[in-house]
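The residues making up each chain are set out below.
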Amino acid sequence: CSIWCSKIVWGINTLLVSMNEINTNILTGLSDERVAALRRQYGFNEVKEKQTSATILLAKKFWGLTAWMLEATIVISFLLHKPFDGFVITGLLIFNGLIGFFNELKAAKTVAALQQELQVMVRVLRNGDWVQLPSKELLPGDIVRLRMGDFLTADMALSEGELKIDKSALTGETALIENKPGDTVFAGSIAKAGEATAVVTATGTQTFFGKTAKLVLTASHIMHMEEVV
């Protein structure tokens, strides 16, 4: 019992220190003035994807090993006085590039529309009142109420209550993890049982999940087809 009590006390002390650092009040939550200041500092709770202009997307369809080979073939065809072959390959290259370009634009618009429709709502304490806000509005220091079935969109430290968390999206671990006051729960997890109040400690790319997503977005790799070519 003494070991568990000491762990709980240590967790609560850690939570109080972090709350003091981000200047929040667990009874009233963040004020409008504090929200404005934190918004300028942290921005929105999201991992922004690198946006590519339509012009660059179209240009990429004619850039790469496969495109270079076809373009070289077109030049060689004309040099060998075979204009018919050159025009056919040119037509196929342009046709394939335009089809891929328009399909990619359509897919990007579909994903953007789904992201808007599937916006996660959270219960947040602001100015002493509980309100429903989109998850992208969360800021470090926000007081959030978590219940069974909630999807966590930020890293949080529990201040009261208990939760059983599914962290399989982060760790691959299927067993539910029980969390008590003072424990940290991470973005990307799902509350499977219990109810708790938590303080947001990290948002966006500063979360454990956000850092991983940012690495994936910035990673580059050579496709197998490119290696073969």
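Numbering of residues starts from 1 in every chain and runs along the sequence as written. Side-chain atom pairs in this predicted model are given and counted only at pLDDT of 80 or more, local residue features only at pLDDT of at least 70, and totals for whole chains, interfaces and linings cover all residues. Heavy atoms from the whole structure form the basis of all side-chain values; hydrogens and water molecules are not counted.

### Looking at the pattern of salt bridges
In what follows, salt bridge is the name for a side-chain nitrogen of Lys or Arg lying within 4 Å of a carboxyl oxygen of Asp or Glu. Counted under the stated rule, the structure contains 10 salt bridges. As a salt-bridge pair, Lys136 and Glu46 come within 4.0 Å of each other at their nearest N and O atoms. Of this pair, Lys136 sits in the loop between β2 (129–134) and β3 (143–147) while Glu46 sits in the loop between α2 (32–42) and α3 (54–60); the two residues are 90 residues apart in sequence, bridging distant segments of the chain. Throughout, exposure labels follow a simple rule: accessible area from a 1.4 Å probe, protein chains only, divided by the maximum for the residue type, with under 20% read as buried, over 50% as exposed, and the rest as partly exposed. Look at Lys136 and you get partly exposed, because its relative accessible area is 28%. The partly exposed category is assigned to Glu46, whose relative accessible area is 31%. The salt bridge involving Arg145 is made with Glu195; its shortest N-O contact spans 3.2 Å. Pair noted here: Arg145 is in strand β3 and Glu195 is in strand β7 (residues 190–202), with a separation of 50 residues, a long-range link. Through salt bridges that share partners, Arg145, Arg147, Glu160 and Glu195 make up one connected network. A run of DSSP states H or I qualifies as a helix once it reaches four residues; a run of E qualifies as a strand once it reaches two. Both are numbered from the N-terminal end.

### A word on the pairing of β3
One requirement defines pairing of two strands: DSSP has to find at least two bridges between them. Relative to β3, strand β1 (residues 121–126) runs antiparallel, the two sharing three bridges. Bridged to Leu125 within β3 is Ile143. Pairing analysis gives five bridges linking β3 to β7, with the strands arranged antiparallel. Looking at β7, one finds that Leu146 is bridged to Ala196.

### Observations concerning the packing of aromatic side chains
What counts as a ring pair is set by centres within 6.5 Å for rings of Phe, Tyr and Trp (its six-membered ring), and what kind of pair is set by the plane angle: stacked under 30 degrees, edge-to-face over 60, tilted for all other angles. In total, this model carries four aromatic pairs according to the counting rule given. Measuring from ring centre to ring centre gives 5.2 Å for Phe78 and Phe87, while their planes differ by 85°; the resulting arrangement is edge-to-face. When its relative accessible area of 34% is taken as the criterion, Phe78 is described as partly exposed. Given the relative accessible area of 57%, Phe87 is considered exposed. Comment: the charge-over-ring label is applied if NZ (Lys) or CZ (Arg) is within 6 Å of the ring centre and within 35 degrees of the ring normal. Here the guanidinium or amino end of Lys136 rests over the ring plane of Phe44, the centre of that ring lying 4.8 Å away.

### Here we look at the nonpolar core
Ranked by size, the top nonpolar core spans 17 residues in total, and within it Leu138, Val144, Leu146, Met156, Leu158 and Leu163 carry the most contacts. Secondary-structure elements contributing two or more residues to this core are β1, β3, β4 (155–166) and β7. For this analysis, residues touch if any pair of their heavy atoms sits within 4.5 Å. Ignoring anything within four residues of it in the chain, the contact list for Leu163 reads Leu146, Leu158, Ile177, Glu178, Asn179, Ala191, Ala193, Gly194, Glu195 and Ala196. What we call a nonpolar core is a set of buried Ala, Val, Leu, Ile, Met, Phe, Trp, Tyr and Cys residues that are connected through their side-chain atoms within 4.5 Å.

### Considering the pairing of β7
Relative to β7, β4 runs antiparallel, the two sharing 11 bridges. What sits directly across from Gly161, in β7, is Ala196.

### Points about the confidence of the model for the protein
For every residue, the predictor reports its confidence as pLDDT, a number between 0 and 100. When pLDDT is averaged along the protein, the result is 80; 79% of the residues meet or exceed 70. Here residues 6–14 is a poorly scored stretch, pLDDT under 50, and it has two contacts once near neighbours within four places are set aside; other chains count.

### Quick word on α2
Here α2 has its buried residues at Val35, Leu38 and Arg39. Take α2 and look down its axis: the buried residues cluster within an arc of 110°, on one side only. Facing away from the buried side of α2 by over 90 degrees, the exposed positions are Glu33, Arg40 and Gln41. Buried residues belonging to α2 abut β1. Immediately downstream of α2, the backbone of Gly43 shows phi near 75°, a positive value. What the arc measures is the spread of directions leading from the helix axis to the C-beta atoms.

### What about the side chain of Thr197?
Its place among the elements puts Thr197 in strand β7. Under the relative-accessibility criterion, Thr197 is labelled buried at 4%. The definition of a polar contact used here is a pair of N or O atoms within 3.5 Å, where within protein one atom must be able to donate a hydrogen and the other to accept one, and adjacent residues in sequence count solely through side-chain atom pairs. A polar contact of 2.3 Å, which involves the side chain of Thr197, links it to the side chain of Arg145. With near-sequence residues (within four places) excluded, Thr197 lies in contact with Trp130, Ile143, Val144, Arg145, Ala157, Leu158, Ser159 and Glu160.

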